[in-house]
Amino acid sequence: MRRHVRDGALAGLAGGAALALVLLFAGESTIGEAVTLEQRAHPGAAGGDMFSRGAQQAGGVAAAIVWGLCLGAVFAVAYFILRRHLATPSDWRAAVTLAGVGFLTVNLVPFLKYPGNPPSVGDPATISRRTILYLLMLAWSVVSTAGAWRLGRWLDGRHWPDHLRLPAVAGVYAALVVVGWIALPGSPDVVGAPATLVWRFRLASLGGTTAFWAVTGTVLGWLRLSAAGVKPFEALRSRAKLARSEP
């Protein structure tokens, strides 16, 4: 378990760095525009920031990396628990598959119901309510994923063929997610910022989380292969040597 957690932390560290880079290069411009709009709407608040934009950017990068490290360790624990239940013999494929499920459950499903807004956009009085609603959607997303997984195992134990079992699981999962989307109220915040600004930030945020899960899953898979005695890049080195030896 300790080796798994260490590998997960390293993979999450790499994923957090990927997240920070995407947000820095793709999302920073929208944050700057949002701050400018806020200052124009409230001129008296201009210059009241405790930290400069450079310090805020550095803090955001550090927060993304620390967040990635912690979530990577949690992801490794989930991998350790669930690995034996996955049909694939490939540790790399298992890690990437679980990372895809993590992205779907933790990020994509809640995002589609409550997409984020740039800082300084929205009513500060609704922050607590928005946070509670988002956490409720996240919890329901986890429940939906767990329920679909348990249904898949139950049907597999009754020898349902894949062409029936997988559509049934996907249909139940989709139905559970839609129930959550319908049951929970919409965002209480009315966003007055330009739609292009808001959606550029949202897409950058979604791109960052996509990069995080893709990198984290890939790196954890490589580390798991290495722990099993497999050299992930040996095939590439062998091909390079073969190419150099050919006339």
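Data block above holds the structure.
First, a word on what this report is: a plain description of the structure on this page.

Here the focus is a nonpolar patch on the surface. Taken together, the side chains of M1, F80 and I81 make up a nonpolar region of the molecular surface, amounting to roughly 270 Å² of accessible area. Note on placement: F80 falls in helix α2 (residues 53–82).

Okay, the packing of helix α4 (residues 127–157) against helix α5 (residues 162–183) next. Contact geometry for α4 and α5: axes closest at 9 Å, N-to-C directions at 160 degrees. Taken together, α4 and α5 sit at an angle that is classed as roughly antiparallel. Note on packing geometry: the crossing formed by α4 with α5 is right-handed. Of the residues in α5, those touching α4 at M137, W140, S144, T145, A148, L151, G152, L155 and D156 are R165, A168, V169, V172, Y173, L176, V177, V179, G180 and W181. Here the residues of the contact of α4 with α5 are counted per class, giving 13 nonpolar, 4 polar and 2 charged.

This part is about the packing of aromatic side chains. Under the criterion given, the structure shown has 3 aromatic pairs. Look at F75 and W213: their rings are 5.6 Å apart centre to centre, the planes differ by 85 degrees, and that puts the pair in the edge-to-face class. Taken together, the residues F75 in helix α2 and W213 in helix α6 (residues 195–227) connect sequence positions 138 residues apart. Judged by relative accessible area, F75 falls into the buried class, the value being 8%.

Moving on, we get to the environment of T209. Relative to the helices and strands, T209 resides in helix α6. Spatially, the C-alpha atom of T209 lies 8.9 Å from that of A18, the residues being 191 residues apart in sequence. A polar atom in the side chain of T209 sits 2.9 Å from the backbone oxygen of L206.

Right, let's get into the pattern of salt bridges. Evaluation of the coordinates by the stated rule reveals 6 salt bridges. Among the ionic pairs, D7 bridges to R6, the shortest N-O distance being 3.7 Å. Among the residues examined, R6 registers a relative accessible area of 45% and is labelled partly exposed. With a shortest N-O distance of 2.4 Å, D162 and R165 are connected by a salt bridge. Here D162 and its partner R165 are both found in helix α5, 3 residues apart, which amounts to about one turn of the helix. We classify D162 as partly exposed; its relative accessible area is 46%. For R165, a relative accessible area of 15% puts it in the buried group.

How each quantity is defined
Starting afresh in each chain, residues are numbered from 1 along the sequence in its written order. Where local features are concerned, this predicted model is filtered to residues with pLDDT of at least 70; where side-chain atom pairs are given and counted, the filter is 80 or more; whole-chain, interface and lining totals use all residues. To get the side-chain values, all heavy atoms of the structure are used, and hydrogens and water are removed first. Residues with no salt bridge and a relative accessible area higher than 30% make up the patches, which join like charges within 9 Å and nonpolar side chains (Val, Leu, Ile, Met, Phe, Trp, Tyr) within 5 Å. Reported accessibility uses the Shrake-Rupley method at a 1.4 Å probe radius. Residues are deemed covered only where the shown protein chains occlude them. Any Lys or Arg side-chain nitrogen found within 4 Å of a carboxyl oxygen on Asp or Glu counts as a salt bridge. In DSSP terms, a helix is any run of H or I states spanning at least four residues, a strand is any run of E spanning at least two, and both are numbered starting from the N terminus. Think of each axis as a best-fit line through the C-alpha atoms, taken over the contacting stretch in the case of a helix, with angles from 0 to 180 degrees between the N-to-C directions. Geometric relationships in this document are graded by angle, where less than 35 degrees denotes roughly parallel, more than 145 denotes roughly antiparallel, 65 to 115 denotes roughly perpendicular, and other angles denote oblique. Note on convention: near helix rotated counterclockwise from far helix by under a right angle means a left-handed crossing. Clockwise means right-handed. Throughout, a contact is declared for two residues whenever any of their heavy atoms are within 4.5 Å. Each residue receives one of three labels: charged for Asp, Glu, Lys and Arg, nonpolar for Ala, Val, Leu, Ile, Met, Phe, Trp, Tyr, Cys and Pro, and polar for the others, Gly being one of them. Planes of paired rings set the category: under 30 degrees apart is stacked, over 60 is edge-to-face and the rest tilted, where pairs are Phe, Tyr or Trp rings (Trp by its six-membered ring) whose centres lie within 6.5 Å. Exposure categories follow from relative accessible area, calculated using a 1.4 Å probe and restricted to protein chains: below 20% of the type maximum is buried, above 50% is exposed, and the middle band is partly exposed. Under this definition, polar contacts are N or O atom pairs within 3.5 Å; protein pairs additionally need one hydrogen-donor-capable and one acceptor-capable atom, and for neighbouring residues in sequence, both atoms have to be side-chain atoms.

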